[in-house]
Amino acid sequence: MATGILHIDLDALCANWRALDRLSAGETGAVVKADGYGLGLVEVTRALASAGARRFFVAVAEEGATLRKALGENVEINVFSGHMVTDTAIIRGAGLTPMLNSAAQVARHREALPDAPYGVQLDTGMNRLGMEADEWAELRAGLEAGPLTLVMSHLACADTPEHPQNAAQLAQFIAMTEGLHAPRSLSATGGILLGPEYHFDLTRPGIGLYGGLPFAAARPALRLSLPVIQTRDIAPGETVGYGGTYCAPSPRKIATVSGGYADGLIRALSGRARLFAGDTPCPVVGRVSMDMIGVDVTDLPHMPEMLDIMCPAQNVDALAEAAGTIGYEILTSLGARYERHYSGGPS
Ligand SMILES: *Cc1c(COP(=O)(O)O)cnc(C)c1O
């Protein structure tokens with residue numbers, strides 16, 4: 001065994017969905033774009049469906065088609081990017097619900113699939129996806145007359161509760177959807193934590209399901225263990241890795257573990273992250289290579305076969321902080337080479 005092992009706790013994932021569902025005023029969906037935030041689209045969605053999730057969200061139609069094959073007909077699959085030029089056959093074949101983002105997408109959807117359901121995404125200030133107020137005002141009556149299943153928008157600053165843009169977007173969403181009969185959705189994980197006035201009929205958590213901030217109460221769902229390939233003793237003045245950026249100040253024992261930036265353990269972790277033997281931290285020394293990382297294991301009384309780079313002592317957000325990034329990026333960069341071991345979930 002020379003590749004890292006990614007342990008994914010599907011019971012933790014389901015517990016996180018249930019916890020966010022209890023917090024949500026209405027229904028709770030699940031966002032599973034980017035291969036279920038890197039944890040495996042099929043395994044993640046089967047587990048969440050067994051916990052009770054019925055509405056799933058993906059970024060692009062191709063992800064939706066994969067999901068439909070895995071979950072069958074019993075769930076609703078919504079696509080954030082709406083109805084793109086090349087999507088018609090996929091949307092029809094997989095029975096997807098596009099979140100239409102513009103007048104052009106509305107026209108395309110109506111012409112290609114006149115009876116097929118759709119949602120609408122509104123821009124309330126993030127300026128990323130969705131119709132602007134004037135575009136929506138012009139199209140609203142016609143859209144409401146058809147199979148409109150959801151009207152949604154997205155908050156830009158929900159991970160910062162005191163940010164004034166939250167209230168501004170909420171007010172804009174209310175103003176744009178006053179008197180609407182279709183269900184409404186505004187909040188992802190961060191918005192759920194802002195309180196019930198942000199929830200409307202459906203919430204759309206992603207990161208919180210996978211154990212990441214801003215859902216601080218989440219159960220960690222991951223352990224990432226890297227095999228030790230080799231250890232050596234080095235003398236004071238010797239260096240480790242490319243560029244010789246680490247220089248031993250005293251006699252040190254160095255382990256080389258299997259896993260590197262090709263596995264999503266980005267170079268920004270060089271000299272900053274730690275690996276763990278149980279609760280004992282072992283600092284990364286020198287630069288992260290493509291397939292290997294040097295670790296100072298001098299303080300360990302005996303050498304385990306593997307060291308953990310994600311574990312209860314260093315969760316995904318702690319690792320992200322060491323790399324100067326966010327948990328979302330660490331998760332969605334998780335490498336394809338790891339062996340993924342799933343525990344729990346549907347029996
Ligand atoms: C990614 C995404 C979500 C989920 O966000 P989290 O912060 O991961 O909970 C919800 N809605 C939209 C539109 C998204 O792009």
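Just so you know, these numbers come straight off a predicted model, no measurement behind them.

## Focus on the pattern of salt bridges
On inspection of all chains with the given rule, the structure shows nine salt bridges. Across the pair Glu27 and Arg55 runs a salt bridge whose closest N-O atoms are separated by 3.7 Å. Of the two residues, Glu27 is situated in strand 2 (residues 27-28) and Arg55 in strand 4 (residues 55-58); the sequence distance between them amounts to 28 residues.

## Concerning the sheet that holds strand 4
Within a beta sheet, neighbouring strands are joined by backbone hydrogen bonds and run either parallel or antiparallel to one another. Pairing is parallel in the open sheet, where seven strands are placed in the order 3-4-5-6-7-8-9. If you trace the sheet from one side to the other, it starts and ends with strand 3 (30-31) and strand 9 (184-185), each paired once. In the sheet, strand 6 (residues 97-100) pairs with strand 7 (residues 118-121) via two bridges, with the strands oriented parallel. Looking at the pairing, Leu100 lines up with Val120 of strand 7.

## A closer look at the domain arrangement of the protein chain
According to the domain assignment, the protein chain consists of domain 1 (25-204) and domain 2 (222-343). Once you take the C-alpha centre of each, domain 1 and domain 2 turn out to be 38 Å apart. The interface of domain 1 with domain 2 comprises six residues on the first partner and seven residues on the second. Of all residues in domain 1, Tyr37, Gly38 and Leu39 bury the most surface against domain 2, accounting for 74% of the area lost on that side. Joining domain 1 to domain 2, the criterion identifies zero salt bridges. Broken down by class, the residue content of the side of domain 1 that touches domain 2 amounts to three nonpolar, two polar and one charged.

The rules behind these values
Residues numbered from 1 in each chain as written. Predicted model: local features only at pLDDT ≥ 70, side-chain atom pairs only at ≥ 80, totals over all residues. Heavy atoms only, no water. Salt bridge = Lys/Arg side-chain N within 4 Å of Asp/Glu carboxyl O. Helix = DSSP H or I, 4+ residues; strand = E, 2+ residues; numbered from the N terminus. Pairing = 2+ DSSP bridges. Domains from an automatic or database assignment. Contact = heavy atoms within 4.5 Å. Buried area = accessible area lost by both parts, 1.4 Å probe. Nonpolar A, V, L, I, M, F, W, Y, C, P; charged D, E, K, R; others polar.

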